[in-house]
Amino acid sequence: MPAVELLLRSTRVVTPDGTRPASVAVADGRIAAVLPYAAELPPAAAFEDLGDDVLLPGLVDTHVHVNDPGRTEWEGFRSATRAAAAGGVTTLVDMPLNSLPPTTTVAHLRVKQAVAEQAVHVDVGFWGGAVPGNTGDLQPLHAAGVFGFKCFLSPSGVEEFPPLDRRGLEAAAARIADFGGLLIVHAEDPDRLSAAPQRGGTRYADFLASRPRAAENAAVAAVVDVARRFGTRVHVLHLSSSDALPLVAAAKAEGLPVSAETCPHFLTLTAEEVPDGATEFKCCPPIREAANQDALWAGLAAGTVDCVVSDHSPCTAGLKVPDFGAAWGGISSLQLGLPAVWTAARRRGHTLDDVARWMSAAPAALAGLARKGAVEPGRDADFAVLAPDETFTVDPAALHHRNQVTAYAGRTLHGVVRSTWLRGRKIAHHSTPTTGPTGRLLERQHPRI
């Protein structure tokens, strides 16, 4: 075993076996051992006593729209990963759309990797895209290291990433099943969206009516159907409708390879509190009512929903016009996900062990990131250090996102991220990155150095 270079000590270390006092030894960027709290400091090792601050595994956010290159004025690898580091996120996986070009061919993937290579503060991987006409590109993208393939069943909002119809979904699912890949799906049914009233304007109630639960429910049923018919491993993105939870639960009980995620905004914000014209709250699918949120929390506690990831989907401030029909749909929360979820979770009786499972271990497992997601020997020494009882009020000017627009502005949240560590190196302190870009690009099953 390489010589221990660093020892971190805390009265509260969150491990897969529970939270306990411990000292974590780091060697060559990995966790060498989780030792008793009073373990002796190895010779020549650096030491940091974290006191009662909680040592968590670094968050793994598998749903981030970086938009770079092509729409870098919305976000970029440098700014997104600075925000990630400030918020305790040590690994993110970038979505294949909103960049130009989209990640729908190997050549496009290489363009994106070249832009990201010297710019990332945290480790970054990439999803590929499944769009009409690129079925032949899916296996080459898989071989090139993408973690899976995203598709839309309804319009994505950008012309260069069109949705799959039912036949296209089946073709992509069958092809992906052939090589054992993963299909992740924006699940809203276009026919039910078209049938819903599309009024536009400033009233949030009108926008909510335009994205009914029935559209999600029908699309989730279609996703489950392709898992059943083709054996494809499928994942439902940003689940918003609690009515779809029984569909997911039944699929899992049947033994189908189906999983689901939800997002901080669905767990912490409610339709009843969204002011008219406040399009910083607009996202698709939408933030729904408080009773729906309660059911999502119950689904998360029951294991029907596997993980919580940001769906960080930023844009320039000018695209957030007061008309819900015209405004860009997306919520920026990459830096705030951990305190936002913890604030709501603690109120509902959940623990930081639960949060670590939902926001680190489960997303890492989804993407097959075997070296991420837990404080245990052999994993990368990626940590978030949290003061869970301290509070702060969200100031958009303090965010590292390129555009400081957030639905959380002015909210008081529990959980201050003291520091973030990537492979045993402190990369952020008190919400401020402390190093240059030291992240690595990741490919499925191994790092791309």
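The structure we're discussing is the one just above.
Conventions and cut-offs
Residues numbered from 1 in each chain as written. Predicted model: local features only at pLDDT ≥ 70, side-chain atom pairs only at ≥ 80, totals over all residues. Heavy atoms only, no water. Helix = DSSP H or I, 4+ residues; strand = E, 2+ residues; numbered from the N terminus. Expected span 1.5 Å × (residues − 1). Bend = angle between axes of the 7 residues up to and from the residue. Buried < 20%, exposed > 50% of the residue type's maximum accessible area, 1.4 Å probe, protein only. Polar contact = N/O pair within 3.5 Å; in protein donor to acceptor, adjacent residues only side chain to side chain. Phe/Tyr/Trp six-rings, centres within 6.5 Å; stacked < 30°, edge-to-face > 60°. Salt bridge = Lys/Arg side-chain N within 4 Å of Asp/Glu carboxyl O. Pairing = 2+ DSSP bridges.

(A) Inspection of helix α12 (residues 352-367) at higher detail. Spanning 16 residues, α12 covers 22 Å between terminal C-alpha atoms, matching the ideal 22 Å at 1.5 Å per step. A maximum bend of about 35° is found in α12 at W358. Among the residues making up α12, those that are buried are L352, D354, V355, A356, W358, M359, S360, A362, P363, A364, L366 and A367. Sitting at the amino-terminal end of α12 is T351, which places a side-chain oxygen 3.2 Å from the backbone nitrogen of D353. Positive backbone phi, at 75°, marks G368, one or two positions downstream of α12.

(B) Summary view of the packing of aromatic side chains. Scanning the entire structure with this criterion turns up 8 aromatic pairs. Here Y204 and F324 contribute two aromatic rings whose centre-to-centre distance is 5.3 Å and whose plane-to-plane angle is 70°, an arrangement assigned as edge-to-face. You can see Y204 sitting in helix α6 (residues 204-210) and its partner F324 sitting in the loop between β14 (307-308) and α11 (337-347), a full 120 residues away along the chain. Each member of the pair Y204 and F324 is classed as buried. Between W297 and W358, the ring centres sit 5.9 Å apart and the planes meet at 65°, which makes this aromatic pair edge-to-face. In this pair, W297 sits in helix α10 (residues 290-302) while W358 sits in helix α12, placing the two residues 61 residues apart along the sequence.

(C) Representation of the pattern of salt bridges within the structure. Under the counting rule described, the total for this entry stands at 30 salt bridges. D53 is paired through a salt bridge with R418; the nearest N and O atoms lie 3.0 Å apart. With D53 in the loop between β4 (46-49) and β5 (54-57) and R418 in strand β16 (residues 412-422), this residue pair connects regions lying 365 residues apart in the sequence. Its salt-bridge partner being R211, residue E188 comes within 2.8 Å of it at the nearest N-O pair. Here R211 lies in the loop between α6 and α7 (213-230) and E188 lies in the loop between β11 (182-186) and α5 (190-195), a separation of 23 residues in the sequence. Residue E188 is classed as buried on the basis of its relative accessible area, which comes to 0%. Among the charged side chains, a salt-bridge network with shared partners connects D123, R371, K372, D380, D382 and R423.

(D) Expanded view of the pairing of strand β15 (residues 383-393). Note: β5 against β15, 4 bridges, orientation antiparallel. Counted as the bridge partner of L55 is V385 from β15. Both β15 and β16 contribute to a ladder of 8 bridges, which runs antiparallel. Counterpart to F392 in the pairing with β16 is L413.

Interpretation note: all reported values are geometric properties and have no functional meaning in isolation.
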